[in-house]
Structure formats: C-alpha cells, structure tokens
Amino acid sequence: MSLVISCNTKGMYGNDFPGEDPPGGLLGEVEAAEAALRAAAERGRGDAQPGDDLAAYFTEVVDADQKIEPRDWMPEAYRRTLIRQIAQHAHSEIIGMQPEGNWISRAPSLKRKAILLAKVQDEAGHGLYLYAAAETLGISRDELVDLLLDGRQKYSSIFNYPTLTWADVGTIGWLVDGAAIVNQVPLCRCSYGPYARAMIRVCKEESFHQRQGYEILYTLAHGTAAQKAMAQDSVNRWWYPSLAMFGPPDGDSTHSAQSMAWKIKRFSNDELRQRFVDMCVGQAEALGLRIPDPELRWNDERQAHDFTQPDYDELTQVIKGNGPCNRQRMEHRRRAHNEGAWVREAATAYAAKRAEKEMVTA
Amino acid sequence: MNGPFTFALALGDDSLIAAQRLAEWTTRAPEMEEDVALANIALDQLGAARLLLTYAGELEGAGRDEDALAYLRDDREFRNCLLVELPNGDFAVTMAKLLVLAAYQVPLYTALAVCPDERLAAIGAKARKESAYHLDHAMLWVKRLGDGTEESHRRMQAGVDQIWPYVDELFTTWPDAPVDPAVLRPGFDDTVTEVLTTATLTVPQVSWTPAGGRDGVHTEHLSYLLAEMQVLHRAHPGARW
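Note that the structure is predicted; figures quoted are calculated from it, not measured.

Trainee: Explain empty space enclosed by the protein residue by residue, including any values.
Mentor: Applying the stated criterion across every chain yields a total of 6 cavities of 30 Å³ or more. Around the largest cavity, the lining residues are Ala18(B), Arg21(B), Leu22(B), Leu83(B), Val84(B), Asn88(B), Thr94(B), Lys97(B), Leu98(B) and Leu101(B). Breaking the lining of the largest cavity down by element, the ones donating at least two residues are helix H1 (3-23), helix H4 (82-85) and helix H5 (91-112) of chain B. The dominant element in the lining of the largest cavity, judged by the number of residues it contributes, is H5(B), at 4 residues. Estimates place the volume of the second largest cavity at around 70 Å³. Lining the second largest cavity we find Glu100(A), Arg112(A), Ile115(A), Leu116(A), Lys119(A), Trp166(A), Val169(A), Gly173(A), His209(A), Gln212(A), Gly213(A) and Ile216(A). Secondary-structure elements contributing two or more residues to the lining of the second largest cavity are helix H5 (110-135), helix H7 (167-184) and helix H8 (193-221) of chain A. Looking at the lining of the second largest cavity residue by residue, the classes come out as 5 nonpolar, 4 polar and 3 charged.

Trainee: Go over the packing of H7(A) against H8(A) with me, naming the residues and quoting the values.
Mentor: Residues and elements named next belong to chain A. Look at H7 against H8: their axes get within 7 Å of each other, and the N-to-C directions meet at 145°. The handedness of the crossing between H7 and H8 is left-handed. Along the contact surface, H7 presents Ala 167, Val 169, Gly 170, Thr 171, Gly 173, Trp 174, Asp 177, Gly 178, Ile 181 and Gln 184, while H8 presents Met 199, Val 202, Cys 203, Glu 206, Ser 207, His 209, Gln 210, Gly 213, Tyr 214, Ile 216, Leu 217 and Leu 220. Within the contact of H7 with H8, the residues separate by chemical class into 11 nonpolar, 9 polar and 2 charged.

Trainee: If you had to explain the layout of surface pockets to someone new, which residues and values would you point to?
Mentor: Of the pockets and cavities examined, the second largest pocket occupies roughly 620 Å³. Elements with a minimum of two residues in the lining of the second largest pocket: helix H4 (76-101), helix H13 (326-339) and helix H14 (341-361) of chain A together with H1 of chain B. Of the residues forming the lining of the second largest pocket, the biggest block, 6 residues, is contributed by H13(A). Classifying every residue of the lining of the second largest pocket gives 12 nonpolar, 13 polar and 9 charged.

Trainee: Could you give me a rundown of the interface of chain A and chain B, with the residues and numbers involved?
Mentor: Counting residues at the interface gives 52 residues for chain A, matched by 50 residues for chain B. Carbon and sulfur atoms make up 66% of the area that chain A and chain B hide from each other, which totals about 4,600 Å². Taken together, chain A and chain B are joined by 2 salt bridges. Between Glu33(B) and Arg141(A) there is a salt bridge, and its shortest N-O distance comes to 2.8 Å. Here chain A is connected to chain B by 17 residue pairs in polar contact (both at pLDDT 80 or more). Those elements giving two or more residues to the side of chain A that touches chain B turn out to be helix H1 (8-13), H4, H5, helix H6 (141-149), H8, helix H9 (225-244), H13 and H14 of chain A. It is H5(A) that contributes the most residues to the side of chain A that touches chain B, 13 residues altogether. Residues that form the side of chain A that touches chain B fall into these classes: 30 nonpolar, 12 polar and 10 charged.

Trainee: Can you tell me about the environment of Gly238(B), naming the residues and giving the values?
Mentor: All names here are of chain B. With respect to the element layout, Gly 238 can be found in the segment after helix H10 (221-235). Its relative accessible area of 80% is what places Gly 238 among the exposed residues. In sequence terms Gly 238 and Leu 38 are 200 residues apart; their C-alpha atoms lie 32 Å from each other.

Trainee: Any chance you could break down the packing of H1(B) against helix H2 (residues 32-60) of chain B for me, citing the residues and the numbers?
Mentor: Two quantities define a packed helix pair, namely the angle between the axes and the distance from one axis to the other. All names here are of chain B. Between H1 and H2, the shortest axis-to-axis distance is 7 Å and the interhelical angle comes to 155°. The orientation of H1 relative to H2 falls into the category roughly antiparallel. In this structure, H1 meets H2 at a crossing whose hand is left-handed. Each residue belonging to the contact of H1 with H2 can be placed in one class, and the counts come to 21 nonpolar, 3 polar and 2 charged.

Trainee: Please set out H7(A) residue by residue, giving values where relevant.
Mentor: Between its first and last C-alpha atoms H7(A) spans 24 Å; for 18 residues at 1.5 Å apiece the expected length is 26 Å, and the two agree. Of all the bends in H7(A), the greatest measures close to 30° and is centred on Gly173(A).

Trainee: Account for the nonpolar core, naming residues and giving values.
Mentor: Counting 189 residues, the largest nonpolar core has Trp166(A), Tyr192(A) and Phe276(A) as the members making the most contacts within it. In terms of residue count, H5(B) provides more of this core than any other element does, 16 residues in total. Dropping the residues within four chain positions of it, Trp166(A) is found in contact with Trp103(A), Ala107(A), Pro108(A), Arg112(A), Leu116(A), Ile216(A), Leu220(A), Met230(A), Leu232(B) and Trp241(B).

What counts as what
Residues numbered from 1 in each chain as written. Chains lettered and ligands numbered in written order. Predicted model: local features only at pLDDT ≥ 70, side-chain atom pairs only at ≥ 80, totals over all residues. Heavy atoms only, no water. 1 Å grid on protein atoms, 1.4 Å probe; cavity = no way out; pocket = protein on both sides within 12 Å on 5 of 7 lines; lining within 4 Å. Points joined across faces, edges and corners; volume = space filled by probe spheres on them. Helix = DSSP H or I, 4+ residues; strand = E, 2+ residues; numbered from the N terminus. Nonpolar A, V, L, I, M, F, W, Y, C, P; charged D, E, K, R; others polar. Axes fitted to C-alpha atoms, helices over the stretch in contact; angles between N-to-C directions. Left-handed = near helix turned anticlockwise from the far one by under 90°. Contact = heavy atoms within 4.5 Å. Buried area = accessible area lost by both parts, 1.4 Å probe. Salt bridge = Lys/Arg side-chain N within 4 Å of Asp/Glu carboxyl O. Polar contact = N/O pair within 3.5 Å; in protein donor to acceptor, adjacent residues only side chain to side chain. Buried < 20%, exposed > 50% of the residue type's maximum accessible area, 1.4 Å probe, protein only. Parallel < 35°, antiparallel > 145°, perpendicular 65-115°, else oblique. Expected span 1.5 Å × (residues − 1). Bend = angle between axes of the 7 residues up to and from the residue. Core = buried A, V, L, I, M, F, W, Y, C linked by side-chain atoms within 4.5 Å.

Below is the structure:
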C-alpha cells in the first residue's frame with residue numbers, strides 16, 4: 001500500500017489563487033521553530049550515563065531546550081500527558097475529516113472539489129502521522145483508536161458543530177484551522193522531539209489550508225448578495241466555538257501548570273485566545289466580513305483587543321457529549337471501523353498466508 | 001456531434017463520475033491508510049476529468065468550460081459508461097469496479113499517449129501513470145480479499161459477479177474514435193483473468209451485458225448522483241466560487 005502523507009494542497013493548488021493572502025500568517029514562527037530544532041540538534045546533548053540521576057537529567061534536558069527522545073527516561077506523568085494530548089490531536093484530525101468531508105460531493109466547482117478532497121486527505125495523513133508520534137511513547141494505534149471509539153479519549157469539540165453551508169468549509173479553514181495553528185505553532189517547540197517535529201510539518205500544511213479557507217470566504221464575500229450572506233452567516237455561527245477551541249479560561253484549566261513546566265505547553269489558553277482574536281480582526285476587515293461581537297474593540301492600554309468570551313457552559317456541554325453532532329460523529333466513526341473489520345481481517349489472513357509460503361520456499 | 005468531442009466527453013465523464021463515487025469513501029474506508037489511498041485515486045480521476053472536459057469544451061467551441069459541462073448537463077447528456085455510476089456497494093464491490101476501470105484505462109491512456117491528437121496524447125501520457133497505480137492498488141486488494149478469509153472470498157466473488165456484466169460496454173467498438181476501445185479487449189482479458197485466478201476467484205460468465213451510457217441512457221443511479229453533485233452550483237446561477 002502506498003502511503004502518501006504529503007501536503008497535497010500545497011503542491012497542486014498552493015499558488016494558483018488570484019485572491020489575497022490572510023495578513024499576519026504564522027509561517028515565520030514555524031520556520032523559526034524548525035531552525036531552533038536544528039540548532040538544538042547540532043549543539044548535541046550527551047546521553048544519560050549509568051548511575052546518573054535520571055530525573056535530574058530529564059529536567060536538565062528540558063531546561064536547556066533540548067529534546068526528549070523516545071529512548072530517554074521520562075516521568076510517567078509526562079508520558080501519560082503526552083499520550084493523551086497527541087492522541088487527542090490525532091483523533092481530532094480523523095474526526096475533523098467529517099464536517100468538511102460533508103461537502104466534497106457538493107463542492108460548487110471542480111477546482112474546489114479537488115482542493116477540498118486533497119485537504120481532507122491531508123487530515124487523514126496528519127492523523128496517521130500523529131498516531132505514529134504517539135506510538136513512540138509505547139502505546140499502539142489500535143489501542144488509541146479503541147480509546148476513541150469507547151469514548152475514553154476526546155477529540156476537539158469544534159468538530160461537533162455542523163457544516164450547514166458551503167461557506168462553512170471556508171470558515172473552518174479560516175477560523176478553525178487558524179485557531180489550530182495558533183495553538184500548534186508553540187507546540188513546534190515542545191520538549192518531546194517526535195511531537196515537535198510532527199507539529200512543524202502539520203503547521204506548514206495547516207497554514208495552506210487556512211489560506212484556502214480564507215480564499216473561499218474572500219470569493220464569497222465578493223460574490224453575489226446570497227454568497228455574501230452565506231459567508232457572514234457562517235462566520236456568525238463559527239466565531240464563538242472557534243474561540244472556545246483554546247479551552248477553558250486559565251483559572252479553570254486543569255492540565256496547564258505542569259505542562260508549562262515540562263515545556264509541553266508554552267502559553268496559557270487565554271494568551272493564545274488573545275493572540276487569535278488580534279490576528280482575526282485584520283483578516284476579517286480584509287475579507288469584508290464582520291466578527292459577531294459588539295464588544296470587540298482595540299484597547300490601547302493593553303495593546304490588544306477587548307472581546308466577549310465564548311460561552312464556556314456550552315463548551316462544557318459539548319465536551320460532555322451534548323453538542324449538536326457528537327453522537328453523529330462517533331456513530332459515523334464506529335460504523336466505518338466496524339464495517340471495515342472484515343477487510344482488515346482479510347488483509348491479516350492474506351499476509352499470514354504469504355509469510356507461510358515464503359517460509360516454505362525459503 | 002463531432003467524434004473527438006464526444007470521445008473526450010465520454011472519457012472525461014468516466015473519470016468525473018468515478019471520482020465522485022470514490023470520494024464517497026472519504027471518512028468511511030476500512031482503514032486510515034485506505035482512506036488516503038482512495039482519496040488519492042479520486043483526485044487522479046478528478047484531475048483527468050478536468051483536463052478532458054476542458055478539452056471537450058474547446059473542441060465543442062460553444063464556450064462551455066469544465067464546470068459548465070460538469071454542473072449544467074442533465075443525466076441524459078452524460079456520456080460515461082454505466083460501470084462508474086453504479087453505487088459503491090461494500091469494499092469488495094468498489095475494488096471490483098476499480099479493477100475493471102483501471103484495467104480499461106491503462107491500455108486506453110497508453111494508446112492515447114501515441115495518438116495524433118496532441119492534447120489527448122499529453123493527457124494520456126499523464127493519466128496512464130496514475131492509472132497504473134490504480135490498477136496496482138486494485139489488484140493488491142482483489143488478491144488480498146480473494147485469498148484472505150472465507151468471508152472476504154465470498155464478498156470478493158460476489159463483487160466481481162455483480163460488476164462483470166458492465167465490462168462489455170467499455171469495449172464496444174468506436175471506429176472513428178482516436179483509439180477504438182474494441183482493440184483493447186484482449187489485453188484487458190489477460191490482465192483481469194490473471195488477477196482473478198491468482199486471487200482464487202472465478203471469472204464470471206455473463207449473459208446480460210447492459211449498455212447505453214455512451215448514448216446518454218443510464219441507470220437510475222446517475223441522476224441522483226448528479227442531483228447531489230450539482231445542487232449548490234445550480235442554486236446560484238452565474239456565481240463564481
């Protein structure tokens with residue numbers, strides 16, 4: 001089986017848009033993180049020697065902004081936290097294929113159909129890539145998939161909202177991928193090497209996705225009255241759920257402090273949310289669309305925008321399973337998994353037969 | 001209608017409808033790697049469809065581009081073979097369909113690559129490489145499923161049996177076409193017979209050979225497929241996307 005995990009949308013479709021780029025992109029930061037990663041690798045770090053204090057050595061590596069690698073000793077809680085976070089990210093890529101996949105069959109031009117299909121395929125690739133990163137921590141993909149299907153691990157709540165119109169495909173690219181990038185760019189500097197490297201790759205591709213989403217909205221916002229209304233309605237529905245993607249406010253976040261110390265997390269939820277809002281304001285103006293927040297305004301003192309917080313009670317409900325599409329998304333995933341069981345069994349049986357034949361002929 | 005236009009249209013429609021069906025598997029494939037692979041194949045088919053439909057539009061000379069041809073024709077105006085419009089069925093049916101389509105497209109595009117029409121030759125040269133991968137992928141799965149478990153063997157044979165009546169239409173003689181598909185039949189038979197035999201499957205004997213797609217007389221399935229594909233484009237006449 002040929003496994004293609006490259007960014008389709010970049011090579012084929014990355015540069016043929018007449019529209020405008022979203023201002024304030026974050027690719028520069030990804031590239032800086034990549035350079036830092038290379039520099040750290042060149043500096044090198046000695047391995048722990050027999051008799052060393054492993055916990056002290058771990059702390060030393062993290063403090064020196066070097067990377068922890070799979071072979072290294074690590075605190076059990078660090079391992080568990082990473083598995084949870086990377087798996088949740090992988091699950092989000094896989095479940096996140098559904099809301100956008102919903103529009104592949106109805107994409108309004110062949111070019112848009114090709115771009116969307118390639119994008120959803122990229123997400124499957126990201127999922128596979130992230131599961132592979134999680135596997136370096138000593139857990140198998142099959143186990144992680146079971147945890148998802150049993151509801152014992154989560155995926156990003158944003159994918160429990162429905163894609164009701166074509167404009168939602170654009171808005172997911174602009175806001176949802178945009179928020180994901182703001183969240184993920186700092187992870188390019190995460191202390192765990194395989195995750196940091198995966199995030200650099202994922203962020204580069206996501207930035208193309210964000211650009212494509214922005215371009216869809218730009219075209220709609222400059223199209224017919226019906227198209228413009230479709231775009232504005234979509235932004236109205238996705239704005240607050242996108243803000244909620246950064247998680248609960250810092251005071252209520254349960255995992256933050258320890259993850260900051262371990263350099264798994266590098267900025268707080270509220271810091272990243274603010275960064276996202278500040279980035280979106282200019283982009284919304286360039287699009288000619290309105291962010292649905294009457295309180296949104298520049299605060300000269302803070303050098304940042306004031307804005308209305310998302311409804312965290314709603315977020316809690318969606319996390320608990322009570323969003324508009326939680327049941328549908330999980331049911332869809334379980335059905336695909338169950339209906340594919342006979343195919344996977346056949347592949348295993350065939351491989352075993354082949355191995356047996358090779359043993360006989362060898 | 002002139003020959004090359006209808007020919008380019010027929011091949012473009014084959015690829016477009018095949019892409020639409022294959023893309024239905026997205027988020028539903030039996031394993032994640034297969035989700036990626038099927039999307040790849042759908043993208044290849046869609047890419048070929050865009051080149052062929054664009055060229056067909058130019059040959060026609062009536063100002064229709066790829067989107068006008070894809071979105072603004074009704075089912076009676078589509079010229080694809082019936083094979084590609086059939087519902088996906090289970091994974092075995094889909095692999096039987098892909099095997100037949102790819103084993104037809106590989107020699108067709110290979111022959112097109114050296115035909116006198118430069119545009120078709122260029123499209124053929126690009127698409128045959130992609131089709132070779134599609135054929136390889138389908139062959140791998142037909143073998144795995146045919147020679148896998150009892151259940152997969154049963155399903156794969158049923159898939160092949162269900163699809164085989166639609167093979168004949170692909171090779172109906174078309175004398176004034178840049179490549180007459182009828183001459184490709186022996187090569188096709190050799191390819192698929194070898195695959196099915198290796199996969200411990202039986203080549204079906206068919207007595208019913210439905211056709212009509214090339215004349216715009218389709219199965220009931222096509223107009224539903226088009227209704228879904230075209231709904232948004234048609235709801236906003238003249239809009240740009």
